[in-house]
Amino acid sequence: MSIVTRAEDWLTDLAGFHGEWEGAAHDAGICVIANRIDGPGGGPRLHKHPYPEVFVIRRGTALFTVGAEKIEAKEGAILVAPAGTPHKFENRGPGPLETIDIHQNGSFVTEWLE
């Protein structure tokens, strides 16, 4: 039997498509974050996870830091931060940045580094 989670049950901002979903409660081995960062420069601080994280750029341009690498990614790109690798990203502008972030774990495990 498949499990369906309605948008209003996990998105904290329906219009902005923003929210978090933990798969462990649904027998899924992933977690999903839907991000919308309106202004240039915004984004999560440097952090790491004990599992890989996959980023799908839905809209806009982001500058990722993954380990010692700086990577510019535009809409349609998919980027993977390997397990244990410090990473962060920021909106390069000029418009909003929208990403879907997939954590390859049923619950979020994050170590914030800054």
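A brief structural summary.

**Let's talk about unusual backbone geometry**
- Cis peptide bonds are those with omega within 30 degrees of zero, and the linkage from glycine 93 to proline 94 qualifies with 5 degrees.
- Structurally, the position occupied by proline 94 is in the loop between strand E9 (87-91) and strand E10 (97-103).
- Phi at aspartate 27 takes a positive value of approximately 65 degrees, unusual for a residue other than glycine.
- Here aspartate 27 shows up in the loop between strand E2 (18-22) and strand E3 (31-37).
- Aspartate 27 gets classed as exposed once you look at its relative accessible area, which sits at 80%.

**Description of the nonpolar core**
- The biggest cluster of nonpolar side chains holds 11 residues, and these are Ile37, Phe55, Ile57, Ala62, Phe64, Val66, Ala73, Leu79, Ala81, Phe89 and Leu97.
- When residues no more than four places from it in sequence are discounted, the contact partners of alanine 62 are Ile71, Glu72, Ala73, Phe89, Glu90, Arg92 and Leu97.
- In this structure, Trp10, Leu11, Trp21 and Ile100 belong to the second largest nonpolar core, which totals 6 residues.

**A short note on the sheet that holds strand E8 (residues 78-81)**
- Ordered by their spatial adjacency, 6 strands build an open sheet running E1-E2-E3-E10-E5-E8, and the pairing between neighbours is antiparallel. Since the sheet does not close on itself, it has two edges, and those belong to strand E1 (11-13) and E8, each with one partner. Averaged over all adjacent pairs, the angle separating strand axes in this sheet is 15 degrees, with direction ignored.
- Looking at chain direction, strand E5 (residues 53-59) and E8 are connected through 4 bridges and run antiparallel. Directly across from phenylalanine 55, in E8, lies its bridge partner leucine 79.

Cut-offs and rules
Residues numbered from 1 in each chain as written. Predicted model: local features only at pLDDT ≥ 70, side-chain atom pairs only at ≥ 80, totals over all residues. Heavy atoms only, no water. Helix = DSSP H or I, 4+ residues; strand = E, 2+ residues; numbered from the N terminus. Buried < 20%, exposed > 50% of the residue type's maximum accessible area, 1.4 Å probe, protein only. Core = buried A, V, L, I, M, F, W, Y, C linked by side-chain atoms within 4.5 Å. Contact = heavy atoms within 4.5 Å. Pairing = 2+ DSSP bridges. Axes fitted to C-alpha atoms, helices over the stretch in contact; angles between N-to-C directions.

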